[in-house]
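# A closer look at the structure
Below, each chain spelled out in residue letters.
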Amino acid sequence: CLHSENPKECAAKIRGKTLYLTKKDLERLFFLDHAFWSCNKRDRHFAGNAEVYGTLKPYLLDLAFSGCNSACIGFGESASGKTYSLIGTKADPGIMRRIVSDAIKRSNHVENKIFVHLAIMELHNNNLVDLISPSSSRPLKLKYDRTTKNVNIENLCRVPVSTEKEALSVLERALESRTHPTKSTLSNKAHTIFKLYITSVSKDRTKKAACITIADLAGSESWNQKNFDPQEGTEINKSLCALATVISMIHNRETSSPSKNKKKTFVPFRESKLTFLLQDNFQGASKTVILGTISPATSHFFESLCTLKFIAKTNCIQQKLTVNEEKDQTRLIQALRHEVKFLREQLNQKNELILELRGIIHDYYASDA
């Protein structure tokens, strides 16, 4: 997504799904899965939040209702439009608000029983805070489950929601609890992670569970920014550097020669709470969409170039989607018992047929004698 109000000089241009980034004699081309121009509403190529969400919906909500995990991670420099695209406003809702509404609407128009739960957290100064219950005395802890090979968040509040009004009310209250940026800067001071849990139970009691993760990452902080907080800026930059390191190592592993053992490549996900929190989305069974936002202005050329290079490295990451399905054990046992009974009856019939044939053969040879 390209966001800017009135860029004096445009360094970025889009032609189809190809993005051209130029500055004087330097030009870079990036081939993307989707490219959106969101700079001028009067432009005929303008793409608003509705179009962005409509394009990404099959990768997020549709997969979740089929039992597969999915994620959308916003990455880009400060004030480039990440939060507007992911969260938006009440008048122009972003992906997070739209996906909550659509999940509730769809759950009311399917035969299966659908259970929807919301969870929202914030990573500020390397402290993970539950935005739904920020006053809770129980801190959030990240633990790796070796059995399921997933990262679990202990003490995280998951709120069940059944109506669109209730879900949006919970979302709005949680968003109001965020660490807001100061008026002199548009930069977010923390990473916001939203999780939507969808559980589907069919008539035969088959359960499918999926999680949609939406991460609004803070932009990198510069020391020459107004009201720069050394602690906040340092923690943000450390977490983003750790994320860049993880992506680079996965990129090198995926693009290495087949003769090398890729499984032995160590990826330091625990280097930062952010990377540990997003481990399932980059290494687990999840469809992960990277929403990169840049400014097309020439003055932001190098920041845009870093964002696009990061996106290019994530394109090589290959993950195997699996359906999180759990069948009812009682019905399964009954089905297996019926099958065993049927096979025994078949075996008995064949044994009776063999005895009958033996008797016929015996009588035949006895009559000849």
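Within the chain, the regular secondary structure consists of nine helices and 15 strands. Out of the 369 residues belonging to the chain, those deemed buried represent 43%. Total accessible area on the chain stands at roughly 21500 Å², and carbon and sulfur atoms take up 51% of it.

Moving on to the pairing of strand 3 (residues 18-23). Taken together, the four bridges between strand 2 (residues 12-15) and strand 3 define a ladder with antiparallel strand orientation. Across the sheet, residue Arg 15 finds its bridge partner in strand 3, namely Thr 18. Joining the antiparallel neighbours strand 2 and strand 3 is a turn of two residues, in which Gly 16 adopts a positive phi near 70°. A loop of two residues connects strand 3 with strand 4 (residues 26-31), the two strands running antiparallel in sequence, and Lys 24 in this loop sits at a positive phi of about 55°.

Structurally, Gly 233 can be placed in helix 5 (residues 230-255). The exposure class of Gly 233 is buried, given its relative accessible area of 1%. As a C-alpha pair, Gly 233 and Asn 125 span 108 residues in sequence and 8.6 Å in three-dimensional space.

Thresholds applied
Residues numbered from 1 in each chain as written. Predicted model: local features only at pLDDT ≥ 70, side-chain atom pairs only at ≥ 80, totals over all residues. Heavy atoms only, no water. Helix = DSSP H or I, 4+ residues; strand = E, 2+ residues; numbered from the N terminus. Buried < 20%, exposed > 50% of the residue type's maximum accessible area, 1.4 Å probe, protein only. Areas by Shrake-Rupley, 256 points an atom, 1.4 Å probe, with all protein chains shown as cover. Pairing = 2+ DSSP bridges.

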